[in-house]
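Analysis of the macromolecular model
Chain by chain, the residues:
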Amino acid sequence: MEERKKWLNAVEKFRIDINAIIICPNCEKGNLIARDIAFDENEVYKGGERFIECLICGKFEIVLYRKPPENWCLKNNANGLS
């Protein structure tokens, strides 16, 4: 149950700051990364899924956003992704 709380905490931190540095709740070694996938690339404001993943152990969580946070797709756009 403690690991689940850490994942929920990571989701909240990324909702506030997409560039947050968060240690993986599973392996406690790697940093988590977040990537947003819009339902419709032409209308990203309509929401989509945020993938939060550890590149060390591969554990991930997917968050569904119908009303995305302010930083939705912000990092994707900065990296040239959609």
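As shown above, the structure is provided for reference.
Read on for a plain summary of the structure.

What about the overall build of the chain?
A tally of helices and strands in the chain yields 2 helices and 3 strands. Start at the N end of the chain and walk to the C end: the helices and strands fall as α-β-β-β-α. Considering the chain as a whole, with its 82 residues, one finds that 34% of them fall into the buried category. When contacts within the chain are restricted to residue pairs at least 6 apart in sequence, those whose partners lie at least 24 apart make up 39%. Accessible surface, the chain: about 5,500 Å² in total, of which carbon and sulfur atoms supply 51%.

Observations concerning the packing of aromatic side chains
Pairs of aromatic rings are described using the distance from one ring centre to the other and the angle between the two planes. Counted under the stated rule, the structure contains 1 aromatic pair. Here Tyr65 and Trp72 contribute two aromatic rings whose centre-to-centre distance is 5.9 Å and whose plane-to-plane angle is 70°, an arrangement assigned as edge-to-face. The ring of Phe51 carries the charged tip of Arg35 above its face, separated from the ring centre by 5.9 Å.

Thresholds, definitions, all that
- Residues numbered from 1 in each chain as written.
- Predicted model: local features only at pLDDT ≥ 70, side-chain atom pairs only at ≥ 80, totals over all residues.
- Heavy atoms only, no water.
- Helix = DSSP H or I, 4+ residues; strand = E, 2+ residues; numbered from the N terminus.
- Buried < 20%, exposed > 50% of the residue type's maximum accessible area, 1.4 Å probe, protein only.
- Contact = heavy atoms within 4.5 Å.
- Areas by Shrake-Rupley, 256 points an atom, 1.4 Å probe, with all protein chains shown as cover.
- Phe/Tyr/Trp six-rings, centres within 6.5 Å; stacked < 30°, edge-to-face > 60°.
- Lys NZ or Arg CZ within 6 Å of the ring centre and 35° of its normal.

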